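What follows is each chain in one-letter form.
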Amino acid sequence: MPYCPKCRYEYENNISVCPDCDEKLVMSLPPEPDADDEKIFKEWIPLARLQSTQLAEMTLEALRAKDIPAVLQSGVGYFGYVGTQGLSSYAPVGGGYTLLTPKEYVDRAVGEVKVILGEDWEKSKLVETD
Ligand SMILES: [Zn+2]
């Protein structure tokens, strides 16, 4: 089955381009970035505390759309997409999610997250920026 290299969605064989990302599908995906985080990026920086599932999901997707690696951390660990089946037992600790991004991407990620959060950035941020 072909996959989209960008969103990693699996498609039927008769589809060759991802309708969401406009990316040409590939027959096999590279290893899950989440599984190899420690090999690729040594240092993950907590960027912001996001209070709602919707906001957390939106922020994560916006960063990924800009090719900025990011993960959400909740009470059960790291995961890429909130609301995924199998996470029914999950309960955010402290009523929120921590958004983390590799050290190399902090500046770019902050720029994006600031735009998404607007005035909420100041109370959500976990990093000091100018
Ligand atoms: Zn895609």
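See the structure shown above.
Criteria and thresholds
Residues numbered from 1 in each chain as written. Predicted model: local features only at pLDDT ≥ 70, side-chain atom pairs only at ≥ 80, totals over all residues. Helix = DSSP H or I, 4+ residues; strand = E, 2+ residues; numbered from the N terminus. Buried ≥ 20, exposed ≤ 12 C-beta atoms within 10 Å, placed from the backbone. Contact = placed C-beta atoms within 7 Å. Expected span 1.5 Å × (residues − 1). Arc of directions from axis to C-beta. Axes fitted to C-alpha atoms, helices over the stretch in contact; angles between N-to-C directions. Parallel < 35°, antiparallel > 145°, perpendicular 65-115°, else oblique. Left-handed = near helix turned anticlockwise from the far one by under 90°.

(A) View of the overall build of the chain. Looking only at helices and strands, the chain features 4 helices and 4 strands. When its helices and strands are written in sequence order, the chain yields α-β-α-β-β-β-α-α. Within the chain, buried positions represent 19% of all 130 residues. Intrachain contacts of the chain at a sequence separation of at least 6 include 56% that bridge at least 24 residues.

(B) Structural context of the environment of glycine 96. Of note, glycine 96 is situated in the loop between β3 (77-79) and β4 (97-102). Its 19 C-beta neighbours within 10 Å are what place glycine 96 among the partly exposed residues. Residues glycine 96 and serine 52, 44 residues apart in the sequence, show an inter-C-alpha distance of 6.2 Å. Filtering out sequence-adjacent residues up to four positions away, glycine 96 remains in contact with Arg49, Leu50 and Gln51.

(C) Representation of helix α2 (residues 53-65) in the model. End to end, α2 covers 18 Å across 13 residues, agreeing with the expected 18 Å (1.5 Å per residue, within 8%). Within the sequence span of α2, burial applies to Ala56, Thr59, Leu60 and Leu63. Buried residues along α2 cover an arc of 100 degrees about the axis, so they all sit on one side. Against β1 (44-50), β2 (71-74), β4 and α3 (106-117) lie the buried residues of α2. Following α2 by one or two positions, aspartate 67 has its phi on the positive side, about 60 degrees.

(D) Broad picture of α3. Spanning 12 residues, α3 covers 16 Å between terminal C-alpha atoms, matching the ideal 16 Å at 1.5 Å per step. Phi turns positive, to about 60 degrees, at glycine 118, one or two residues after α3.

(E) Up close: unusual backbone geometry. For arginine 8, which is not glycine, the phi dihedral falls at a positive 70 degrees. Among the structural elements, arginine 8 can be located in the segment before α1 (37-40). On the neighbour-count criterion, arginine 8 (15 C-beta atoms within 10 Å) is partly exposed. Look at aspartate 22: it is not a glycine, yet its phi comes out positive at around 60 degrees.

(F) Representation of the packing of α2 against α3. Contact geometry of α2 with α3 gives a least axis separation of 10 Å together with a crossing angle of 135 degrees. By the criterion of interaxial angle, the relationship of α2 to α3 is oblique. Our pair here, α2 against α3, has a crossing hand that is right-handed. Contacts between α2 and α3 involve Met58, Thr59, Ala62 and Leu63 from the former and Ala109, Glu112, Val113 and Ile116 from the latter.

Note that every value here comes from positions in space, so none of it alone points to a role or purpose.
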